[in-house]
Amino acid sequence: MTTTVPWTPAALADLREYLDLMTTDGTVPGGVIAHGTFDTAPGYLASGVVAPEYGDARPGPDTVYDVASLTKVLATWPLVGTSLMDGFTLDTPIRELLVGIPEEAPGGQVTVSQILAHTSGLRADTRLDQYRHRAEPLAELICGEDLIAAPGAGHRYINRGFILLGLALAHYRCRRLDELAAELWQDLGMTSTTYGPVSRSTQVAPTEQRLPGGPRLWGIPHDDNAALLGGVAGHAGVFTTPADLAAFATHLLSSHATDGPLGRWLAHSMQPQAEIEPGLDRGLAWILADEGKVAYHHGFTGTSLYLAPTTGRYLAICTNAVYHHQDNRTHLTPLRALALKAIIDEP
């Protein structure tokens, strides 16, 4: 059984101070950091406002955020893990999990594990808009593109693979991806997590206003490619709350400590598959740090989730950092670095 290491007041104070600084200087309208261990109730650090147009409405545990690429670890990754019990295998070429993919299709040869590890060699640019007015199924179009590298040759972050995995899961399980994910989240007690669109309210954090005078993105995915797929995709499109991220992290860490199914899947996924840069590796979906003892993932909109199974601790960052402009998310780098340092350091 894992002995949990509680968060120190000093570490939490540093995180709060930096989040306050970011909201004060206008980097983000506001944000929430969920923190805890799997055997304690979550705590929350909140700062700023949900959005300026909402006046003084404050973000909190139940504020809904577009989490962008956290979709990969909130939906696609756990659904692959649960599907392994039903004959879904990591070494299966993706074409065998879909229908109508010719054997000679370049992308059809990549495996589930290569997609999860971002070593598939599929094209790095997502660009689903180029397929408008094409009659062929999306999976056939993606798999028909030439590879940019040999499968397994090296790490390159690729959304297309996770889009294919989402389509493969739906075909293999004979249910829509959003239905599969909703059932999973319900089982984990994540009652506010859903694929978009979501109803607009002051509880939903808006993102970018892409055209001056135009409507702000609010309750619909910030990711263009997820939006083209109706909001439901394997790489992006999920909306969730800090409270639900805490519930997700708590379940994964508790399951890891007790050798439960998703805990075993997490342990397997925290085995390095490819080097990203010195000190950072890619596992299956997750980025690995601290010699593989910490797993984390980011979302383009300004979200992050960190897990440390050896100490039982987690952190989740929720912001709408793309509110002013999508480049604003780069200003999150110091906060994310501080969060990673905090979850690595033991008191």
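See above for the structure.
Residues numbered from 1 in each chain as written. Predicted model: local features only at pLDDT ≥ 70, side-chain atom pairs only at ≥ 80, totals over all residues. Heavy atoms only, no water.

Trainee: Any chance you could explain the packing of helix 1 (residues 9–24) against helix 10 (residues 333–344) here in plain terms?
Mentor: Taken N-terminus to C-terminus, the directions of helix 1 and helix 10 make an angle of 170°; their axes are 10 Å apart at the nearest point. Classed by the angle they form, the pair helix 1 and helix 10 counts as roughly antiparallel. For the pair helix 1 and helix 10, contact is made by Asp14, Leu15, Tyr18, Leu19 and Met22 and by Pro334, Leu335, Leu338 and Ala339, respectively. Grouping the amino acids of the contact of helix 1 with helix 10 by side-chain chemistry returns 8 nonpolar, no polar and 1 charged. (Axes fitted to C-alpha atoms, helices over the stretch in contact; angles between N-to-C directions. Helix = DSSP H or I, 4+ residues; strand = E, 2+ residues; numbered from the N terminus. Parallel < 35°, antiparallel > 145°, perpendicular 65-115°, else oblique. Contact = heavy atoms within 4.5 Å. Nonpolar A, V, L, I, M, F, W, Y, C, P; charged D, E, K, R; others polar.)

Trainee: Honestly, the nonpolar core in this entry has me stumped. Any pointers?
Mentor: Looking at soluble globular proteins, one finds that nonpolar side chains tend to be buried together. Core analysis: the largest hydrophobic core is formed by 75 residues, its most contacted members being Leu74, Val80, Ile94, Leu116, Trp185 and Trp286. Counting residues per element, this core draws most heavily on helix 8 (residues 242–258), at 7 residues. Every residue in contact with Ile94, bar those within four places of it in the chain, is listed here: Gly107, Gly108, Val110, Ile115, Cys143, Leu164, Leu165 and Ala168. Within the second largest apolar cluster, 25 residues are counted, among which are Leu45, Leu280, Ile287 and Ile317. (Core = buried A, V, L, I, M, F, W, Y, C linked by side-chain atoms within 4.5 Å. Buried < 20%, exposed > 50% of the residue type's maximum accessible area, 1.4 Å probe, protein only.)

Trainee: Would you explain the sheet that holds strand 5 (residues 238–240) in this entry?
Mentor: Each strand in a sheet pairs with another by means of backbone hydrogen bonds, the pair being arranged parallel or else antiparallel. The antiparallel open sheet is built from 3 strands, whose spatial order is 3-5-4. Two strands lie at the open edges of the sheet, namely strand 3 (65–66) and strand 4 (194–195), each paired on one side alone. Alignment of strand 4 against strand 5, held across 2 bridges, turns out to be antiparallel. If you follow Thr194 over to strand 5, its bridge partner there is Phe239. (Pairing = 2+ DSSP bridges.)

Trainee: In this structure, what is going on with the packing of aromatic side chains? I would like to understand it.
Mentor: This model, assessed by the stated rule, comprises 6 aromatic pairs. Consider the rings of Phe88 and Tyr172, whose centres lie 5.1 Å apart with planes at 80°: the pair is edge-to-face. One end of the pair, Phe88, is in the loop between helix 2 (71–83) and helix 3 (112–116); the other, Tyr172, is in helix 5 (residues 159–173), and 84 residues separate them in sequence. Grouping aromatic residues by their ring pairs yields a cluster made of Trp77, Trp265 and Trp286. Geometry around Phe162 places Lys72 over its ring, the cationic atom sitting 5.7 Å from the centre. Here the guanidinium or amino end of Arg313 rests over the ring plane of Trp7, the centre of that ring lying 4.4 Å away. (Phe/Tyr/Trp six-rings, centres within 6.5 Å; stacked < 30°, edge-to-face > 60°. Lys NZ or Arg CZ within 6 Å of the ring centre and 35° of its normal.)

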